[in-house]
Amino acid sequence: MTKAYISLQDLRCRLRRRLGGGMSGGPGETAPSLPWLDGLGLELLPSDNVLRVIFPHRYFARWFAPHRPAFAAAMQEVWQEIRQEGAAPRLEYVLAGQAVPQPDEPAPPRIPEALFFAAGGQEGTPPLLPGGARNAFPLAMARAVALREPGRSAFLLYGEEGTGKSRLLRSTAQALVRAGLRVILAPAALFFRHCPFTEQTASLFWQQADALFLDDIQTLTGQPRCQRLLAALLERRPGTAPMILVLEGGPDAPDAPDALGTLDAWEALPASRVRQLPSAELTPPDLEARLRYLQQCCRENALDLPHGHLRLMARRAAHFHGLRSLLLRVKEACTAACAAGAPRPSLDDLERLARTEPVQGRHAGHRQILAEAARCCDAAPADITGTGRRARLVMARQAAMYVCRRHLGLSYPELGRAFGGRDHSTVIHAVKKIGKMLESDKDVQDLVARLEKCAHQERPLGPDEGGVFRR
């Protein structure tokens, strides 16, 4: 016999009795109390034949999960008691207006805890930022992100190696962590290696993280899946969510001497999404910023150096990487002098240390020249510095040595170290050979002209600025 009306209270009592062991709940008999059942909200939708089960909060949903199969089975049996015909209603589980996944559905992906940034003990000593009038704009944009100013929550930061991009990223992340935000700061390659999301589930990322800072996105070249996921994260980003992408080189300026053209090699849609972001270039730190950096490093390393020593070091390296490398060499020299009972290194000693500093720490431009020389002969940069003897490879190697010598001012021993540990006499021969061939060989002229474009930004300043390299 079919009843025309079904009371939700009657349905709840019958469910409670069946789930509680079959107690009748008749006169003088109390139906058992089941807290995980009593807290549920029930709503019957006859037109859709749906019984909506409403959880008051997500923790209740987790508490209820183990009992879900028993609840569904009891619902089938109770329905047959109440109505002898018709299918039992379909159960729909709801939390805050959103459907709760069924047990056979995969759990939503979670961001690994290791990707979240924690300021830790660095809160009191934030990283020193590159200063100077040239970097006022990128610093202002980072400050706007840290303060979460409306409409200024995301941008693309680019520049050559050693200009302090990672420092600026870390300083901004620290400010947001102190404000209570969940911040992810990671190299792009590491982030996408451990990111559990896809283009379809990108919106779930922003339910678990408040800010995303990715360093070295040029490493995503040749990885279309990662590029498309980055585009999806940008598209689904809430308008106020802080996001900074860092690119070494330039985004889309193939004619610029230091442009790496990384975005030009990306898929069209991800590249356009990144280019739509406001962008700012971080240039090499000025002399005063380099001095402040050296002073902070000296405090961290308990190294007492006169101001004159620091100023000479700041004039001999134009980037943070070079400063750090030179300072470590000076620290080793000070330690050795102290152990021998000798005075600390003099200015002349520092000058010699600066001259013998590895070229990789002093100049960023030679890497671009090596990369361009490799492209000219369809090879890899490692082939240029290697031992290959193909005619085109040898010509590109010698032309790169010539350009580095002429435009970067590197010594012959420095060039030998930069080009795979070769003897300085090999470099002298290469430079002289290219110089003679330039007089009549059109192919060599074109090759050198192409490499000189890469070297144009790494030229010495006037004598009043101590030979520091700049754009």
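Note: the structure precedes this text.
Starting from 1, residues in each chain are numbered consecutively following that chain's sequence as written. Reporting in this predicted model follows two pLDDT cut-offs: at least 70 for local features of residues, and 80 or more for side-chain atom pairs to be given and counted; totals over whole chains, interfaces and linings ignore these cut-offs and use all residues. Excluding hydrogens and water, the side-chain figures rest on all heavy atoms present in the structure.

### Some details on the overall build of the protein
Of regular secondary structure, the protein possesses 21 helices and eleven strands. Restricting the contact set of the protein to residue pairs at least 6 apart, pairs at least 24 apart contribute 69%. Computed by Shrake-Rupley with a 1.4 Å probe, the accessible areas treat only the displayed protein chains as cover when residues are assessed. Within the structure as shown, the protein displays about 23300 Å² of accessible surface, and the carbon and sulfur contribution to it stands at 53%. Counting from the N terminus, the helices are DSSP H or I runs at least four residues long and the strands are E runs at least two residues long. Any two residues having at least one pair of non-hydrogen atoms within 4.5 Å are treated as being in contact.

### Overview of helix 9 (residues 224–235)
Taking 1.5 Å per residue, twelve residues should reach 16 Å; helix 9 reaches 16 Å between its end C-alpha atoms and fits that length. Between buried and exposed lies partly exposed: a residue is buried under 20% and exposed over 50% of the maximum accessible area for its type, with that area taken using a 1.4 Å probe on protein chains only. Regarding helix 9, the residues found buried are Cys-226, Gln-227, Leu-229, Leu-230, Ala-231, Ala-232, Leu-233 and Leu-234. One fewer than the residue count of a helix, multiplied by 1.5 Å, yields its expected span.

### Quick word on the nonpolar core
Membership of the largest hydrophobic core comes to 36 residues, with the highest contact counts inside it found for Phe-191, Phe-205, Leu-230 and Leu-245. Taken together, the elements giving at least two residues each to this core come down to strand 5 (154–159), strand 6 (183–187), helix 7 (188–194), helix 8 (202–205), strand 7 (211–215), helix 9, strand 8 (243–248) and helix 10 (268–275). Joining through side-chain atoms within 4.5 Å is the link that ties buried Ala, Val, Leu, Ile, Met, Phe, Trp, Tyr and Cys residues into a set, and such a set is a nonpolar core. One finds Ile-369, Leu-410, Leu-415 and Leu-447 within the second-largest nonpolar core, a separate group that totals 31 residues.

### What to know about helix 6 (residues 165–178)
For helix 6, which comprises 14 residues, the first-to-last C-alpha distance of 20 Å matches the rise-based estimate of 20 Å (1.5 Å per residue) to within 8%. Burial runs high along helix 6: ten of the 14 residues are buried. All buried positions along helix 6 are accounted for by Lys-165, Arg-167, Leu-168, Leu-169, Ser-171, Thr-172, Ala-173, Gln-174, Leu-176 and Val-177. Remark: Gly-180 follows helix 6 within two positions and exhibits a positive phi of approximately 95°.

### Side note on unusual backbone geometry
Backbone geometry places Arg-148, a non-glycine residue, at a positive phi of 55°. Inspection of the secondary structure puts Arg-148 in the loop between helix 5 (136–146) and strand 5. Judged by its relative accessible area of 42%, Arg-148 is partly exposed. The residue Asp-378 is not glycine, and still its phi comes out positive at about 55°. Mapped onto the elements of the fold, Asp-378 is located in the loop between helix 16 (365–376) and helix 17 (381–385).

### Considering the side chain of Arg-422
Positionally, Arg-422 belongs in the loop between helix 19 (412–418) and helix 20 (424–437). The positive count covers Lys and Arg only, the negative count covers Asp and Glu only, and His and the chain ends enter neither. Counted as salt bridges are all cases of a side-chain nitrogen of Lys or Arg within 4 Å of a carboxyl oxygen of Asp or Glu. Lacking a salt bridge, the buried Arg-422 has Asp-383 as its closest oppositely charged neighbour, with an N-O distance of 10 Å. By the criterion applied in these results, polar contacts are pairs of N or O atoms within 3.5 Å in which, for protein atoms, one can donate a hydrogen and the other can accept it, and in which residues neighboring in sequence qualify only through two side-chain atoms. At 3.1 Å, the side chain of Arg-422 and the backbone oxygen of Thr-385 are in polar contact. A polar contact is formed between the side chain of Arg-422 and the backbone oxygen of Gly-386, at a distance of 2.3 Å. The contacts of Arg-422, once residues within four sequence positions are left out, are Ile-384, Thr-385, Gly-386, Thr-387, Arg-397, Met-401, Gly-416 and Arg-417.

### A short note on the packing of helix 9 against helix 10
Axis separation between helix 9 and helix 10 bottoms out at 8 Å; the angle between their running directions is 40°. When the interaxial angle is binned, helix 9 and helix 10 end up oblique. As for how helix 9 packs across helix 10, the hand of that crossing is left-handed. Contacts between helix 9 and helix 10 involve Gln-227, Arg-228, Leu-230, Ala-231, Leu-234 and Glu-235 from the former and Pro-270, Arg-273 and Val-274 from the latter. Axis angles are defined between N-to-C directions and span 0 to 180 degrees, where every axis is a line fitted to C-alpha atoms and, for a helix, only to the segment in contact. For this classification, under 35 degrees means roughly parallel, over 145 means roughly antiparallel, 65 to 115 means roughly perpendicular, and everything else is oblique. Crossings are assigned a handedness: left-handed for a near helix turned anticlockwise from the far helix by less than a right angle, right-handed for a clockwise turn.

### Things to note about the sheet that holds strand 9 (residues 279–281)
Spatially, five strands are ordered 6-7-8-5-9 in an open sheet, and the strand pairing comes out parallel. Each having just a single partner strand, strand 6 and strand 9 make up the two edges of the open sheet. Pairs of neighbouring strands in the sheet enclose a mean axial angle of 15°, with direction left out of account. What makes two strands pair is DSSP finding at least two bridges between them. In terms of strand pairing, strand 5 meets strand 8 through six bridges, oriented parallel. The partner of Ala-154 across the bridge, within strand 8, is Met-243. Helix 6 contacts strand 5, strand 6, strand 7 and strand 8 of the sheet and is inclined by roughly 165° relative to strand 7.

### Re the packing of helix 5 against helix 6
At their nearest, the axes of helix 5 and helix 6 sit 9 Å apart, and the two run at 25° to each other. It follows from the interaxial angle that helix 5 and helix 6 lie roughly parallel. For the pair helix 5 and helix 6, the sense of crossing is right-handed. Residue-level contacts link Pro-138, Leu-139, Ala-142, Val-145 and Ala-146 of helix 5 to Leu-168, Thr-172, Ala-175 and Leu-176 of helix 6. Residues are sorted three ways: Asp, Glu, Lys and Arg are charged, Ala, Val, Leu, Ile, Met, Phe, Trp, Tyr, Cys and Pro are nonpolar, and all the rest, Gly among them, are polar. Residues that form the contact of helix 5 with helix 6 fall into these classes: eight nonpolar, one polar and no charged.

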